[in-house]
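Below are the chains, spelled out letter by letter.
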Amino acid sequence: MTEFFVLGPLECRSANRPVNIAGTLQRALLATLLAAEGTPVSADSLVAELWGDSPPPHWENALQAHISRLRRRIDTVAGGGRSARLVVEHSGYCLRTDDDTVDAKVFMRKFDYARLLGTTDPRAAAEALREALSLWRGRAFGLVTQGSLCRTVAQRYETARLVALETLFDLELRSGRHTDIIPMLSELVEAPTLNERFCEQLMIALYRSGQQALALSSYSRMRERLDAELGVEPTITLRNLLNAILNHDPALRLGADHAVLRA
């Protein structure tokens, strides 16, 4: 079985062994076809993805050569299983794969399943989210030269990853696992993305763990970064949470129903 991995450095494996996809353009072509998720990509779009505004003089021949080379490589490693096929359709080129052979498809399926379970079985939902998030190995598509399609899809995957993390931390807070999530939240709060939702969750986790001073410090740090980097104040939700912590609001206790928990 041939498997493809895009939630991190681009990888292809067959029978659990790495498959070498040599050359920058070959890897960019594979990444583009995987980003299309089974939808045919026209020749013009592939040229734009691979060469941008500077295609070679005889780009038709160059593109066909790269398509043929990648098809032979995939056919060779797929063997008789044929779990992946590069096919030509009237509207373009398409990489046909089984849903369970592309890590991004597996991630999205587990993520959707976890969201369905969220209200009925939080423990199972959290486990599904942990499994989904474990598939990530770095930035989607890694260091492959990315055209607009790869960039757009990579951003969609990254947005889904952030929502999955937020959802997981909400479930962990509901389950009383606030201490366990502090290290990961602390790291995420310091990331360049300035995610205030992670800051809210970290503050609640710290407060419930008896670390009120650190919870207040986390707010101050986020406020300073928002002012210095974006010139804005924290959201009303984050400010309300600050006041709730300062006033030891009973709604912050485990099991309480309060807007600051968004649960």
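Keep in mind the model is a prediction, meaning the values are calculated, not measured.

Q: I tried to follow the pattern of salt bridges on my own but got confused; where do I start?
A: Opposite charge on two side chains makes pairing possible when the charged atoms of those side chains draw close. Scanning the model with the defined rule gives 16 salt bridges in all. The salt bridge involving Glu127 is made with Arg130; its shortest N-O contact spans 3.2 Å. Taken together, the residues span about one helical turn, with Glu127 and Arg130 both in helix H5 (residues 122–133) at a distance of three residues. Here the residues in one salt-bridge network are Glu127, Arg130, Glu172, Arg177 and Asp180, joined through shared partners.

Q: What exactly am I supposed to notice about the packing of aromatic side chains here?
A: Applying the stated criterion to the full structure yields four aromatic pairs. Each ring, one from Phe107 and one from Trp136, has its centre 5.7 Å from the other, and the planes form 85°; the classification is edge-to-face. Of the two residues, Phe107 is situated in helix H4 (residues 103–117) and Trp136 in the loop between H5 and helix H6 (148–174); the sequence distance between them amounts to 29 residues. Measuring from centroid to centroid gives 6.4 Å for Phe141 and Tyr157, while their planes differ by 20°, and the two rings are stacked. Taken together, the residues Phe141 in the loop between H5 and H6 and Tyr157 in helix H6 connect sequence positions 16 residues apart. The pair formed by Phe141 and Tyr157 is uniform in burial state, with each residue classed as buried. Members of the aromatic cluster, joined through ring pairs, are Phe107, Phe111 and Trp136. Just above the ring of Trp136 sits the side chain of Arg161; from NZ or CZ to the centre is 5.6 Å.

Q: Hey, could you run me through the nonpolar core in this one?
A: The tendency in soluble globular proteins is for nonpolar side chains to be buried as a group. One finds Leu33, Phe141 and Tyr157 to be the most contacted residues of the largest nonpolar core, which totals 81 residues. Per element, the largest residue contribution to this core is 12 residues, and it comes from H6.

Q: I keep staring at the state of the cysteines and nothing clicks. Help me out?
A: What we call a disulfide is simply a covalent bond connecting the sulfur atoms of a pair of cysteines. Tallying each qualifying case throughout the model produces zero disulfides. Between Cys12, a free cysteine, and Cys150, which holds the nearest cysteine sulfur, the sulfur-to-sulfur gap is 15 Å. The class of Cys12 is buried, set by a relative accessible area of 4%. Left unpaired, Cys94 is separated from the closest cysteine sulfur, that of Cys150, by 15 Å.

Q: Is there a simple way to explain H6 in this structure?
A: An α-helical turn contains 3.6 residues, so a residue and the one three or four places further along point in the same direction. The terminal C-alpha atoms of H6 lie 39 Å apart, and with 27 residues this matches the ideal 39 Å at 1.5 Å per residue to within 8%. Immediately beyond the C-terminal end of H6, within one or two residues, lies Gly176, with a positive phi of roughly 80°.

Q: Where do I start with the pairing of strand S5 (residues 92–97) in this structure?
A: In summary, the side chains of a regular strand alternate between the two faces of the sheet. Of all six residues in S5, five are buried, a share of seventy percent or more. In sequence, strand S4 (residues 84–89) turns back onto S5 through a hairpin of two residues.

Q: Help me understand the packing of helix H9 (residues 212–229) against helix H10 (residues 236–246) in this model?
A: The relative placement of two packed helices comes down to the angle between their axes together with the axis-to-axis distance. Interhelical geometry of H9 versus H10 gives an angle of 155° and a closest axis separation of 11 Å. Considered as vectors, H9 and H10 are oriented roughly antiparallel to each other. Both H9 and H10 take part in a crossing whose hand is left-handed. Note on element contacts: H10 touches H9 through Leu238, Arg239, Leu242, Ile245 and Leu246, opposite Gln212, Ala215, Leu216, Tyr219 and Met222. For the contact of H9 with H10, a count of residues per class yields eight nonpolar, one polar and one charged.

Q: Sorry if this is basic, but what is going on with helix H8 (residues 196–208) here?
A: For H8, with 13 residues, the first-to-last C-alpha span of 18 Å sits near the 18 Å given by 1.5 Å per residue. Burial analysis of H8 places 13 of its 13 residues in the buried class, the great majority of the element. Two to three positions downstream of the cap, the backbone nitrogen of Arg197 sits 2.9 Å from a side-chain oxygen, assigning the N-cap of H8 to Asn195. The first or second residue beyond H8 is Gly210, which carries a positive phi of 80°.

Rules and cut-offs
- Residues numbered from 1 in each chain as written.
- Predicted model: local features only at pLDDT ≥ 70, side-chain atom pairs only at ≥ 80, totals over all residues.
- Heavy atoms only, no water.
- Salt bridge = Lys/Arg side-chain N within 4 Å of Asp/Glu carboxyl O.
- Helix = DSSP H or I, 4+ residues; strand = E, 2+ residues; numbered from the N terminus.
- Phe/Tyr/Trp six-rings, centres within 6.5 Å; stacked < 30°, edge-to-face > 60°.
- Buried < 20%, exposed > 50% of the residue type's maximum accessible area, 1.4 Å probe, protein only.
- Lys NZ or Arg CZ within 6 Å of the ring centre and 35° of its normal.
- Core = buried A, V, L, I, M, F, W, Y, C linked by side-chain atoms within 4.5 Å.
- Disulfide = S-S within 2.5 Å.
- Expected span 1.5 Å × (residues − 1).
- Pairing = 2+ DSSP bridges.
- Axes fitted to C-alpha atoms, helices over the stretch in contact; angles between N-to-C directions.
- Parallel < 35°, antiparallel > 145°, perpendicular 65-115°, else oblique.
- Left-handed = near helix turned anticlockwise from the far one by under 90°.
- Contact = heavy atoms within 4.5 Å.
- Nonpolar A, V, L, I, M, F, W, Y, C, P; charged D, E, K, R; others polar.
- Polar contact = N/O pair within 3.5 Å; in protein donor to acceptor, adjacent residues only side chain to side chain.

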